[in-house]
Amino acid sequence: MTDTPKPARALGRKAIRPSLVPRALMTDVPDLHGVWKAQVITLFPAAFPGLLGESLTGKALQDGLWQLETLDLRAHGIGRHRNVDDTPAGGGAGMVLRADVLGAAIDAAQAGTASATGSGGNRPLIYLSPRGRPMTQALMQTLARADGVTLICGRFEGVDERVLSHYGAQEVSLGDFVLTGGEIAAMALIDATVRLIPGVLGNQASTAEESFSDGLLEHPQYTRPAEWRGQTIPDVLMSGHHGEIAKWRRAQAEALTRARRPDLWRAHLARHDDNDT
Ligand code: SAH
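Chemist: Before we move on, could you go through the overall build of the chain and cite the residues and values that matter?
Modeler: The number of helices and strands found in the chain is 10 helices and 10 strands. Within the chain, the proportion of its 277 residues that are buried is 29%. For the chain, restricting intrachain contacts to residue pairs at least 6 apart in sequence, the fraction spanning at least 24 positions comes to 72%.

Chemist: Outline the nonpolar core, supporting the account with residue identities and numerical values.
Modeler: Among the nonpolar cores identified, the biggest contains 45 residues, and Ile41, Leu102, Leu128, Leu151, Ile152 and Ala186 are the most heavily contacted of them. A total of six residues in this core trace back to one element, the largest contributor, which is helix H6 (residues 183-194). Look past the residues within four positions of Leu128 in its chain and what remains in contact with it is Leu151, Ile152, Cys153, Gly154, Val172, Gly182, Ala185 and Ala186.

Chemist: Give a description of the site of the ligand that names residues and reports values.
Modeler: Near the ligand, the surroundings consist of 19 residues, among which Leu128, Gly154, Leu179, Gly182 and Ala185 are the closest. In the shell around the ligand, the residues fall into eight nonpolar, eight polar and three charged.

Chemist: Tell me about the environment of Thr87, residues and numbers included.
Modeler: Here Thr87 lies in the loop between strand S4 (85-86) and strand S5 (96-97). Taking the C-alpha atoms as reference points, Thr87 and Glu157, separated by 70 residues in sequence, lie 9.5 Å from one another.

Chemist: Which residues make up the sheet that holds strand S7 (residues 148-153), and what are the values?
Modeler: Spatially, six strands are ordered S1-S3-S2-S7-S6-S8 in an open sheet, and the strand pairing comes out mixed. Each edge of the open sheet is held by one strand with a lone partner, namely strand S1 (9-11) and strand S8 (170-173). The sheet shows a mean angle of 35° between the axes of neighbouring strands, direction not considered. When strand S2 (residues 36-42) meets strand S3 (residues 66-72), the two strands line up parallel, connected through seven bridges. When the sheet's bridge partners are listed, Gln39 is paired in S3 with Glu69. H6 rests against S2, S3, strand S6 (125-134), S7 and S8 of the sheet, and its axis sits at about 165° to S7.

Chemist: Any details on the environment of Ile233? Residues and values, ideally.
Modeler: Relative to the elements of secondary structure, Ile233 occurs in the loop between strand S10 (231-232) and helix H8 (235-238). C-beta crowding within 10 Å serves as the criterion here: with 15 such atoms nearby, Ile233 is assigned to the partly exposed category. It is 9.4 Å that separates the C-alpha atoms of Ile233 and Gln221, two residues lying 12 residues apart in sequence. Excluding its chain neighbours within four sequence positions, the residues that come into contact with Ile233 are Tyr222, Ala226 and Met238.

Chemist: Describe in detail the environment of Gly53, supporting the description with residues and values.
Modeler: Among the structural elements, Gly53 can be located in the loop between S2 and helix H2 (55-62). C-beta crowding within 10 Å serves as the criterion here: with 19 such atoms nearby, Gly53 is assigned to the partly exposed category. Put simply, Gly53 and Leu11 are 42 residues apart on the chain and 9.6 Å apart in space, counted from C-alpha to C-alpha.

Chemist: Describe helix H4 (residues 137-145), listing the residues and the values that go with them.
Modeler: Taken residue by residue, H4 has Met140, Leu143 and Ala144 as its buried positions. Summarising the axial view, the buried residues of H4 lie within an arc of 100°, below the 170-degree limit, and thus occupy one face. Projecting away from the buried face of H4 at angles above 90 degrees are the exposed residues Ala138 and Arg145. Buried residues along H4 sit in contact with S7 and H6.

Chemist: Tell me about the pairing of S2, residues and numbers included.
Modeler: The element S2 is extensively covered by neighbouring structure, given that seven of its seven residues are classed as buried. Burial of S2 is two-sided: the residues Trp36, Ala38, Val40 and Thr42 facing one way and the residues Lys37, Gln39 and Ile41 facing the other way are all buried. Chirality of the crossover, the property in question, places the unit of S2, H2 and S3 among those that are right-handed.

Chemist: Quick one: what's the story with unusual backbone geometry, residue by residue and with numbers?
Modeler: Omega for the peptide link from Phe48 to Pro49 comes to 0°, which places this bond in the cis form. Of note, Pro49 is situated in the loop between S2 and H2. Cis geometry is found at the peptide bond from Arg224 to Pro225, where omega equals 0°. Inspection of the secondary structure assignment puts Pro225 in the loop between helix H7 (205-209) and strand S9 (227-228).

The rules behind each value
Within each chain, residues carry numbers counting from 1 in the order of the written sequence. Two thresholds apply to this predicted model, a pLDDT of at least 70 for residue-level local features and 80 or more for giving and counting side-chain atom pairs, whereas whole-chain, interface and lining totals are computed over all residues. Per the convention used, a helix needs a DSSP run of H or I reaching at least four residues, while a strand needs a run of E reaching at least two, with both numbered from the N terminus. Neighbour density around each residue's C-beta defines its exposure: 20 or more other C-beta atoms within 10 Å make it buried, 12 or fewer make it exposed, and counts between make it partly exposed, where C-beta atoms are placed from the backbone. We call two residues in contact when the distance between their C-beta atoms, placed using the backbone, is within 7 Å. As used throughout, a nonpolar core is a set of buried Ala, Val, Leu, Ile, Met, Phe, Trp, Tyr and Cys residues joined through C-beta atoms within 7 Å of each other. Should the C-beta atom of a residue, placed from the backbone, lie within 6 Å of a molecule or strand, that residue is near it. Side-chain classes are defined by residue name, with Ala, Val, Leu, Ile, Met, Phe, Trp, Tyr, Cys and Pro counting as nonpolar, Asp, Glu, Lys and Arg as charged, and the others, Gly among them, as polar. Two strands qualify as a pair provided that DSSP identifies no fewer than 2 bridges between them. Helix axes are fitted only over the stretch in contact, all axes being lines through C-alpha atoms; the angle between N-to-C directions runs from 0 to 180 degrees. Working note: the arc is built from the helix axis to C-beta atom directions. Handedness of a crossover is defined as follows: orient the strands so they point away from the viewer, and if the path from the first strand over the helix to the second runs clockwise, the crossover is right-handed.

Listed below in structure tokens is the structure:
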């Protein structure tokens, strides 16, 4: 082990197929100007791109429609053992990620940002945390319009609070449950955001129709075979009448939303009242 921190790994055009050689390809990929970029500060850089390297997000990563850079928190650890955590002030169970270690990693991420874009770029700093605001489609749309994001993945009991206030990090949650680390939440955020970047999905129309884009859950979907275990596809979908099909889908979306998500339904009604007045 040397004393020089390991360089950040950047993933983009040159990366990534599941194979025996990908690690080498992930290092020192030059920044692609104007391309949405996720920087992930993590103790487990080898977990990335993971699923993000598959299917549509993986193809888009290879095609340079977005970029992924992991920053290994361990590289900024203290001493021979590269310690990153310590016991909580005031006592209690578990360990907390140190402010100085995490601060150094954030500085490294933001230094890279500034030199790469020349402007510093608009990359919100987000700490994945159960205390954060819940992830929503609206947040993903906002993030997709930024230049990228810098994500902090916590571990153990979390991170020293002073880092969050010093950098003004936003906290964002995957849901009301506790994960062992922020990496899975970071991947969910990146996946949901990257698919909104133009060109990433084959069929752009599908983002306009799917769940949440109009504040409603999506209508049911069917495909072949026309009959399966005694169940047929609703006649209207087989009718070829596009107007009737659209009306049916809309009614289904409204009924589902009203039944399953009264909160979304109320917000939907309120929006429509506003539009009417
Ligand atoms: N002691 C903390 C939980 C720590 S869990 C608490 O009670 O709030 C360890 C790490 O997992 C956190 O630092 C955070 O980065 C991540 N994490 C856990 N649950 C999460 C969630 N619901 N959303 C996003 N990140 C989460």
